[in-house]
Amino acid sequence: QVQLVELGGGLVQAGGSLRLSCAASGRTFSIYGMGWFRQAPGKEREFVAAISKLGSSTYYADSVKGRFTISRDNAKNTVYLQMNSLKPEDTAVYYCAASRTPFGSSSFRDTVYPYWGQGTQVTVSS
């Protein structure tokens, strides 16, 4: 099993920045790609960003492209989400997820991720 713990959420004004981190523990050797998803109140969970096992490939939702950056440090079993130029519509619970297989073009599908964190709240005020 793999356990994921997110940190770094909070309250920030529009235009500000936050960095989320997600630390993996357990059978970390089985992890391939990792991703971030978010869910706003009353909305379905949506894909935000994903990164391949070695970090050579990254994927972003159009809504965050150019503002968010995903990265990972495999030595620390940690994935990060740097969020800049935050907007009120970025307000959501952000979830970290890990896959056991290479996901390629399917990185946006939550079904490829068997492991999920508990989520961290990000609130952007206008």
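Further up the page is the structure itself.
Cut-off values and rules
- Residues numbered from 1 in each chain as written.
- Predicted model: local features only at pLDDT ≥ 70, side-chain atom pairs only at ≥ 80, totals over all residues.
- Heavy atoms only, no water.
- Salt bridge = Lys/Arg side-chain N within 4 Å of Asp/Glu carboxyl O.
- Pairing = 2+ DSSP bridges.
- Helix = DSSP H or I, 4+ residues; strand = E, 2+ residues; numbered from the N terminus.
- Axes fitted to C-alpha atoms, helices over the stretch in contact; angles between N-to-C directions.
- Disulfide = S-S within 2.5 Å.
- Buried < 20%, exposed > 50% of the residue type's maximum accessible area, 1.4 Å probe, protein only.
- Polar contact = N/O pair within 3.5 Å; in protein donor to acceptor, adjacent residues only side chain to side chain.
- Contact = heavy atoms within 4.5 Å.

Engineer: Which residues make up the pattern of salt bridges, and what values do they have?
Structural biologist: Scanning all chains against the criterion turns up 5 salt bridges. For Arg38, the salt bridge goes to Glu46, with nearest N and O atoms at 2.6 Å. Taken together, the shared-partner salt bridges in this structure form one network comprising Arg38, Glu46, Arg67 and Asp90.

Engineer: A description of the sheet that holds strand β7 (residues 68–73) should follow, citing residues and the corresponding values.
Structural biologist: Taken in spatial order, the 4 strands make up an open sheet running β1-β3-β8-β7, and their pairing is antiparallel. Only two strands of the sheet have a single neighbouring strand rather than two, namely β1 (2–7) and β7. Mean inter-strand twist for the sheet, computed between neighbouring axes without regard to direction, equals 15 degrees. Inspection of the sheet shows strand β3 (residues 18–26) paired to strand β8 (residues 78–83) by 6 bridges, in the antiparallel sense.

Engineer: A description of the state of the cysteines should follow, citing residues and the corresponding values.
Structural biologist: This model, assessed by the stated rule, comprises 1 disulfide. Note on cysteine connectivity: Cys22 is disulfide-linked to Cys96, with sulfurs 2.1 Å apart. Sign of the S-S torsion, about -80 degrees for the bond between Cys22 and Cys96, identifies this disulfide as left-handed. Taken together, the residues span a long stretch of sequence, with Cys22 in strand β3 and Cys96 in strand β9 (residues 92–98) at a distance of 74 residues. Taken as a pair, Cys22 and Cys96 share a single burial class, namely buried.

Engineer: Lay out the side chain of Thr120 with the relevant residues and their values.
Structural biologist: Positionally, Thr120 belongs in strand β11 (residues 120–125). For Thr120, a relative accessible area of 13% gives the class buried. At 3.2 Å, the side chain of Thr120 and the backbone nitrogen of Gly9 are in polar contact. Contacts of Thr120, omitting those with residues within four sequence positions, involve Glu6, Gly8, Gly9, Leu20, Ala92, Val93 and Tyr94.

Distances and angles like these do not, on their own, reveal function.
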